[in-house]
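Each chain, letter by letter, is given below.
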Amino acid sequence: MAHRYVAAIDQGTTSSRCIIFDSNSRILAVDQREHRQIFPRPGWVEHDAEQIWARVQEVVTGALDRAGLQPSDLTAVGITNQRETTVLWDRATGRPVHHALVWQDTRTEALCADLAADGGRDRFAETTGLPVASYFSGPKIAWLLEHVPGVRERAEAGELLFGTIDTWLIWNLTGGAAHVTDVTNASRTLLMDLRTLDWDDGVLAALDIPRSLLPEIRSSAEVYGTARGVLEGVPIAAALGDQQAALFGQTCFGVGDAKSTYGTGSFLLLNTGDEPVRSRHGLLTTVGYQLGSDRPVYALEGSIANTGSLTQWLRDRIGLISTAAEIETLALTVEDNGGLYLVPAFSGLFAPHWRPDARGVIVGLTGFAGKGHLARCVLEATAFQTRDVVDAMVLDSGVALKSLKVDGGMTSNNLLMQTISDMLDVPVIRPFVAETTCLGAAHAAGLVTGVWSDLDALRADWQRAAEWTPRLDPRTRERRLRKYHKAVELAKGWIDEDDEIEVG
Amino acid sequence: MPGPIQSLTRAAAILRLLAGGERQLALGDVALTLGLAKGTVHGILRTLQQEGFVEQDPVTGRYQLGAELLRLGNSYLDVHELRARSLMWADDLARLTGESVRIGVLHQGGVLVIHHVFRPDDSRQVLEVGSMLPLHATAWGKVLLAFDPVAHGDLEAELKPYTRRTLVTHGDVDAECERIRGLGWAGEREEAGDGLASIAAPIRDRRGSPLGAVGVGGAVERLTEDGEFPARLVAAVRDTARSISRDLGATLY
């Protein structure tokens with residue numbers, strides 16, 4: 001076969017994309033369309049699952065057109081998706097019973113608080129790797145069963161199906177033939193036992209979810225079925241949650257390999273090997289990927305709420321810069337942070353500190369401090385936060401970080417990447433293919449269908465476009481980390497009981 | 001020295017008048033205020049409009065200052081913005097040519113490397129962002145010398161010889177720049193270091209002014225064939241320069 005192509009569908013929170021790769025992992029064509037964000041009430045976020053399915057079909061057709069290809073030219077399609085977002089639909093008609101509840105939606109917070117009242121937030125953590133929190137699919141299913149009229153009865157009668165977005169797309173792509181999910185998506189439901197890779201009856205009972213709703217859990221890379229319609233005849237050969245797909249696309253196949261995606265917020269995943277590691281620092285334990293009948297590869301996941309959003313804050317709220325890139329120019333007008341440290345606890349401190357009563361602080365102000373120092377301490381905050389999450393991962397897993405592979409928009413900031421390398425004391429590496437999420441899904445699907453022979457072939461297609469190596473002397477690094485941690489202490493406990501205004 | 005040029009003096013008076021507040025003025029008002037014939041004022045306004053310094057409201061026919069005036073005083077593009085906007089194109093160039101890519105801008109009489117993409121063979125390479133390249137001995141520098149008068153003015157009196165092929169007289173450099181302006185790109189073979197070569201093309205802003213240069217550098221054996229720069233590599237470099245320039249709003253091409 002002269003040319004072999006693999007399509008990746010990336011169904012994200014704001015848009016759907018399709019990218020077609022050739023067998024050298026080069027991008028042939030991209031198409032992308034946004035879908036509607038539905039906000040029925042404060043804190044509620046919904047998507048129209050039927051619109052998402054329509055958009056996915058459009059971008060698949062669009063990408064094929066741009067590449068000048070037919071579905072028959074594709075060897076396989078892989079899927080990657082926004083995680084945790086929950087759809088319930090009628091197995092006979094294919095119509096959803098309600099809009100999809102999006103991962104950001106907080107309507108299940110009260111339900112989660114009730115669950116936590118009996119056994120604490122970590123009552124399912126030993127089994128599922130997750131705390132009881134509104135992000136995950138389990139509580140969202142329970143909410144739909146409880147609040148949408150008739151849904152409980154139809155579910156008990158076996159008329160309804162549940163799926164995260166991967167499941168919804170595979171079910172539609174196969175014309176209703178396959179009701180399956182992959183282990184990485186299942187590991188975000190709060191319903192799966194990380195060791196058996198099956199739904200856990202204990203959690204299902206606690207949430208009162210009938211097992212008949214749930215899809216079959218399969219590996220991340222195997223043929224789930226053959227597509228009909230816009231991808232007629234193409235094997236659907238991979239599914240991975242978006243962050244796990246980026247981990248795979250960054251070829252983090254070995255224990256200690258880690259990737260961080262730097263966007264508005266950031267997601268750091270560390271490969272911990274074939275045993276799940278339980279975190280004592282509030283990190284999530286998740287499945288990284290599972291290839292066919294191989295043992296699953298587990299990961300620790302830490303998210304950082306404010307990274308790119310800090311630069312936006314400096315631009316839009318403080319008005320110190322007019323474009324995001326200018327933060328680097330401003331920061332380079334000074335030699336160092338001038339003694340300024342910023343803790344961006346804008347809505348509390350998350351992993352590994354977990355202090356909702358904290359608020360942001362800038363400390364070390366003197367008459368000497370200027371705009372350049374402020375820009376520096378904003379950039380350094382992202383590096384310090386990365387270091388905190390990495391330290392927690394190292395403590396939890398006993399695995400030392402060898403290097404950090406990075407992707408996302410902020411990788412164009414040279415000073416930031418250098419600062420992260422300086423603070424972590426490991427090399428920071430940017431690969432050529434910036435679309436690591438789609439690449440991961442395409443790689444997994446291509447691995448199943450023989451486009452790539454093995455993991456080494458995928459490694460050969462992953463090349464470093466840039467690498468930053470640590471330049472800071474250990475004493476300076478330790479001193480700066482000590483100062484940042486003193487600043488973190490100052491941020492804690494700022495919120496008082498009667499602080500409605502600050503709490504917002 | 002000849003006296004002031006009357007039409008330029010009048011154009012300046014019209015611009016000052018239009019700048020006198022947040023307002024639009026009719027042709028008759030401008031003519032009356034300045035004590036000029038309507039035909040004269042119309043001719044000047046038409047010329048200013050073509051240059052973008054004045055705009056005419058399509059509905060009322062009145063005149064106001066144009067956006068180009070604002071851009072005149074605000075032409076500097078942040079180099080980190082340039083890097084952010086070039087990232088994808090520079091990655092593509094490296095993958096297409098198999099060579100390392102650098103983007104350089106004029107800085108203190110040399111070329112400051114603001115972006116560097118590794119040669120895509122996963123060999124050990126060191127990031128060179130922040131390093132300086134000589135103006136007269138690299139393709140990036142020659143592009144700037146040929147297209148940016150400021151760069152030409154920055155050229156040192158004594159040109160340092162890096163190899164026996166380095167151009168060391170201003171006459172030779174000027175002749176090379178003349179050639180580069182004709183070609184639209186620059187090549188350099190073992191002028192900065194033995195065994196090394198580079199090919200670069202100018203990145204331009206929306207007015208066509210040179211902002212910097214993008215190019216590939218590497219072993220002379222790979223970058224040249226029989227002493228010539230292969231058309232395939234030159235085309236890839238020029239396509240990349242055009243793509244970046246187009247993203248920055250250039251309409252020259």
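Cut-off values and rules
Residues numbered from 1 in each chain as written. Chains lettered and ligands numbered in written order. Predicted model: local features only at pLDDT ≥ 70, side-chain atom pairs only at ≥ 80, totals over all residues. Heavy atoms only, no water. Helix = DSSP H or I, 4+ residues; strand = E, 2+ residues; numbered from the N terminus. pLDDT = per-residue confidence, 0-100. Contact = heavy atoms within 4.5 Å. Buried area = accessible area lost by both parts, 1.4 Å probe. Salt bridge = Lys/Arg side-chain N within 4 Å of Asp/Glu carboxyl O. Polar contact = N/O pair within 3.5 Å; in protein donor to acceptor, adjacent residues only side chain to side chain. Nonpolar A, V, L, I, M, F, W, Y, C, P; charged D, E, K, R; others polar. Buried < 20%, exposed > 50% of the residue type's maximum accessible area, 1.4 Å probe, protein only.

What follows is about the environment of A:G338. In this fold, A:G338 is placed in the loop between α11 (326–331) and β19 (341–343). With 31 residues separating them along the chain, A:G338 and A:A369 place their C-alpha atoms 6.1 Å apart.

This part is about the confidence of the model for chain B. The pLDDT averaged across chain B works out to 89; a share of 94% of its residues lies at or above 70. At the level of chain-chain contacts, confidence expressed as ipTM amounts to 0.79, with global pTM at 0.84.

Turning our attention to the interface of chain B and chain A. The interface of chain B with chain A comprises 18 residues on the first partner and 24 residues on the second. Here chain B and chain A share an interface that buries about 1900 Å² over both sides, 48% of which is from carbon and sulfur atoms. Where chain B packs against chain A, one counts three salt bridges. A salt bridge links A:R430 to B:D91; the shortest N-O distance between them is 2.8 Å. At the boundary of chain B with chain A, the tally comes to 11 residue pairs in polar contact (both at pLDDT 80 or more). Of all the elements in the fold, those that place two or more residues in the side of chain B that touches chain A are α5 (79–97) and β4 (110–117) of chain B. Broken down by element, the residue count for the side of chain B that touches chain A peaks at eight residues, all from α5(B). Of the residues in the side of chain B that touches chain A, the class split is eight nonpolar, three polar and seven charged.

All right, on to unusual backbone geometry then. With the exception of glycine, the majority of residues adopt a negative phi angle, and the majority of peptide bonds are in the trans configuration. A:A351 connects to A:P352 through a cis peptide bond whose omega is 0°. Mapped onto the elements, A:P352 comes out in the loop between β19 and β20 (361–363). For A:S25, which is not glycine, the phi dihedral falls at a positive 70°. Positionally, A:S25 belongs in the loop between β2 (15–22) and β3 (27–34). Phi angles above zero are rare outside glycine, and B:D226 is one such case at about 55°. Within the secondary structure, B:D226 is located in the loop between α9 (220–223) and α10 (231–247). Residue classification places B:D226 among the exposed positions, given a relative accessible area of 82%.

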